[in-house]
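Single-letter residue listing:
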Amino acid sequence: MPRTTTSSQQHTCQIIPFQMEITSRQQAYLTRWVQAAQPMGICDADVFVSEQKQAGVSAGYVVVWVRETPDPAYQIYCHGNRWIVMDAIRDNKLGSFNTFADALNMIRPVMPREQGIVAA
């Protein structure tokens, strides 16, 4: 005969969403990407930490400046296991990518894409 459980025997489960953070290797890759992308109008990029925490969204995000405007042009952050690229001026989502390198490549494709790249 099947056993029934009472409410005192039931276990609650807390789901913790998976999220990636920006690693030191990705920061080094970002530095190399900025240097390679400068002839194509990229001025600078930096990593910031958000004060507002959201479940499944990384606390760290990247802001990218281009030559044409003094305001940041792009923002990259991780949502779950995807890297999201936003148009920081118009607040539009431009794409969702498997890797950090793919997200940067969407903005300016200046780094060689090789198998086994460390900037995942």
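Here we summarise the structure given alongside this text. (Residues numbered from 1 in each chain as written. Predicted model: local features only at pLDDT ≥ 70, side-chain atom pairs only at ≥ 80, totals over all residues. Heavy atoms only, no water.)

### Re the overall build of the chain
(1) Moving on: Scanning the chain from N- to C-terminus turns up two helices and five strands.
(2) Moving on: When the helices and strands of the chain are placed in sequence order, the string is α-β-β-β-β-β-α.
(3) Moving on: Each of the 120 residues in the chain was classed as buried or not, and the buried ones make up 34%.
(4) Moving on: Put simply, 39% of the contacts in the chain that link residues at least 6 apart link residues at least 24 apart. (Helix = DSSP H or I, 4+ residues; strand = E, 2+ residues; numbered from the N terminus. Buried < 20%, exposed > 50% of the residue type's maximum accessible area, 1.4 Å probe, protein only. Contact = heavy atoms within 4.5 Å.)

### Looking at the pattern of salt bridges
(1) Moving on: The tally for this structure, following the rule as stated, stands at one salt bridge.
(2) Moving on: Among the salt bridges present, the one from D87 reaches R90, with a minimum N-O distance of 3.0 Å. (Salt bridge = Lys/Arg side-chain N within 4 Å of Asp/Glu carboxyl O.)

### A word on the pairing of strand β4 (residues 82-87)
(1) Moving on: Within β4, five of the six residues are buried, which leaves it mostly tucked inside the rest of the structure.
(2) Moving on: Pairing analysis gives six bridges linking strand β3 (residues 74-79) to β4, with the strands arranged antiparallel. Bridging across to β4, Y77 finds its partner in I84.
(3) Moving on: Here β4 pairs with strand β5 (residues 92-97) via five bridges, running antiparallel. The residue of β5 that forms the bridge with D87 is N92.
(4) Moving on: Hairpin remark: β4 followed by β5, antiparallel, with four residues in the connecting loop; positive phi at D91, about 60°. (Pairing = 2+ DSSP bridges.)

### Remarks on the nonpolar core
(1) Moving on: Among the nonpolar cores identified, the biggest contains 24 residues, and W33 and I76 are the most heavily contacted of them.
(2) Moving on: Not counting residues within four places of it along the chain, the set of residues in contact with I76 comprises Y61, V62, W83, I84, V85, F100, A103, L104 and I107. (Core = buried A, V, L, I, M, F, W, Y, C linked by side-chain atoms within 4.5 Å.)

### Considerations on the environment of A36
(1) Moving on: Looking at where A36 falls in the secondary structure, it is placed in helix α1 (residues 24-37).
(2) Moving on: In sequence terms A36 and M111 are 75 residues apart; their C-alpha atoms lie 7.1 Å from each other.
(3) Moving on: Each residue touching A36, except ones within four places of it in the same chain, is listed here: V110 and M111.

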